[in-house]
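Here's the letter readout for the chains.
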Amino acid sequence: MFASGGAEVRIHDLSDEVRAAAVAYVEETLPGVVAARDGASAGTVRGETDLEAAVAGAWLVVEAIPERLDLKTPLFGRLDAIVAADTILATNSSSYASRLVVGEVEHPERVLNVHFYMPPQQNAVDLMSDGRTDPAVIDLLLEVLPRYGVHPFLARRESTGFIFNRIWAAIKREALAVVADGVSTPEDVDAMWQVNSGAPAGPFRMMDQIGLDVVLDIEEHYAAEDPHLPEGPRRLLREYVDAGHLGVKTGRGFYRYDD
């Protein structure tokens, strides 16, 4: 989405394979994204092996590493030390409040949650302060992000799961419980969801797209905050994750992906 706004985009990842795949995906989909939006123009995207080179001169840095605070917290400390003084630092975490990643940051006023969904198909974005974010940073993002074809919405107080994901978590958890309790199957839940909602995909197909390991990490985080949540949904997810069936990215999750 940023590249469709004429921006220079750099992607850093420790894995050469993942980094190359990310760049290839953007290059493949960018022409269609640009063609679909009035005023869009193709920018550039490239992979960077070195983190400092990736963030040099950037106005915005978005972290999208696994949902583990022991990884995120030191990364934000390092980013805070190497980026320009006016760079905004954002976490794309699906469930952790940015307040939890600033333990090693000297300038928390420039840190916040900027949570994307599945662009370019789903272009809503949650914004949420770390409790000390400069209001001017939030105002800037509310103004600027729509230029890149994404639509920001502000969570007005700290909320695990922000806005949409908090609602989606309840739907996802109950869908998992229906299967874990033996009431139905993933295929039938999805089919009924599509008939009744008109959506192109049901909860289980969507979880496969996200990655069942990621879904499980998020559910474990919710359960740590609320021990009264049912165990069945997490137990079902663990069965798939322990078997290596993580969804689309491994070729098998609740569904098989032969291609």
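Everything discussed here concerns the structure shown above.
Residues numbered from 1 in each chain as written. Predicted model: local features only at pLDDT ≥ 70, side-chain atom pairs only at ≥ 80, totals over all residues. Heavy atoms only, no water.

Novice: How would you summarise the nonpolar core if you had to cite specific residues and measurements?
Specialist: Core analysis: the biggest nonpolar cluster contains 17 residues, and Leu112, Val114, Val125, Leu141 and Leu145 have the highest contact counts within it. Of all the secondary-structure elements, those providing two or more residues to this core are strand E4 (88-91), strand E5 (111-116), strand E6 (124-129) and helix H4 (135-144). In contact with Val125, other than residues within four places in its own chain, are Val114, His115, Phe116, Leu145, Val150, His151, Pro152 and Phe153. Among the nonpolar cores identified, the runner-up in size contains 15 residues, and Trp168, Ala175, Val189 and Leu237 belong to it. (Core = buried A, V, L, I, M, F, W, Y, C linked by side-chain atoms within 4.5 Å. Buried < 20%, exposed > 50% of the residue type's maximum accessible area, 1.4 Å probe, protein only. Helix = DSSP H or I, 4+ residues; strand = E, 2+ residues; numbered from the N terminus. Contact = heavy atoms within 4.5 Å.)

Novice: An account of the packing of aromatic side chains is needed here, citing residue identities and associated values.
Specialist: All told, the structure shown has 5 aromatic pairs when counted by the stated rule. Seen in terms of ring centroids, Tyr117 and Phe164 are 5.6 Å apart; in terms of plane orientation they differ by 85°. Their pairing is edge-to-face. In this pair, Tyr117 sits in the loop between E5 and E6 while Phe164 sits in helix H5 (residues 164-180), placing the two residues 47 residues apart along the sequence. Members of the aromatic cluster, each reached through a chain of ring pairs, are Phe2, Phe116 and Tyr148. Lying over the aromatic face of Tyr222, Arg173 brings its terminal NZ or CZ to 5.2 Å of the ring centre. (Phe/Tyr/Trp six-rings, centres within 6.5 Å; stacked < 30°, edge-to-face > 60°. Lys NZ or Arg CZ within 6 Å of the ring centre and 35° of its normal.)

Novice: Outline the packing of helix H8 (residues 212-225) against helix H9 (residues 232-242), supporting the account with residue identities and numerical values.
Specialist: Between H8 and H9, whose axes approach to 10 Å, the crossing angle comes to 150°. With respect to H9, the axis of H8 lies roughly antiparallel. Read as a crossing pair, H8 and H9 show a hand that is left-handed. Listed contacts from H9 to Leu212, Asp213, Val215, Leu216, Glu219, Glu220 and Ala223 of H8 are Arg234, Leu237, Arg238, Tyr240 and Val241. Counted by class, the contact of H8 with H9 contains 7 nonpolar, no polar and 5 charged residues. (Axes fitted to C-alpha atoms, helices over the stretch in contact; angles between N-to-C directions. Parallel < 35°, antiparallel > 145°, perpendicular 65-115°, else oblique. Left-handed = near helix turned anticlockwise from the far one by under 90°. Nonpolar A, V, L, I, M, F, W, Y, C, P; charged D, E, K, R; others polar.)

Novice: Describe a nonpolar patch on the surface, and please don't skip the residues or the numbers.
Specialist: Taken together, the side chains of Phe153, Ile163 and Phe164 define a hydrophobic patch exposed on the protein surface, amounting to about 300 Å² of accessible area. Locating Phe153 in the fold gives a position in strand E7 (residues 151-154). (Patch = residues over 30% accessible without salt bridge, like charges linked within 9 Å, V, L, I, M, F, W, Y side chains within 5 Å. Areas by Shrake-Rupley, 256 points an atom, 1.4 Å probe, with all protein chains shown as cover. Salt bridge = Lys/Arg side-chain N within 4 Å of Asp/Glu carboxyl O.)

Novice: Run through the sheet that holds E6, naming residues and quoting values.
Specialist: Spatial ordering of the open sheet is given by E3-E4-E5-E6-E7, a layout of 5 strands whose pairing is mixed. The sheet is open, and its two edges are formed by strand E3 (60-63) and E7, each paired on a single side. Neighbouring strand axes in the sheet, compared pairwise and without regard to direction, differ in orientation by 30° on average. Two elements, E4 and E5, share 3 bridges in a ladder whose sense is parallel. In the sheet register, Leu89 faces E5, and the bridge partner there is Val111. The strands that helix H3 (residues 69-82) touches are E3, E4 and E5; relative to E4, the one it contacts most, it runs at about 165°. (Pairing = 2+ DSSP bridges.)

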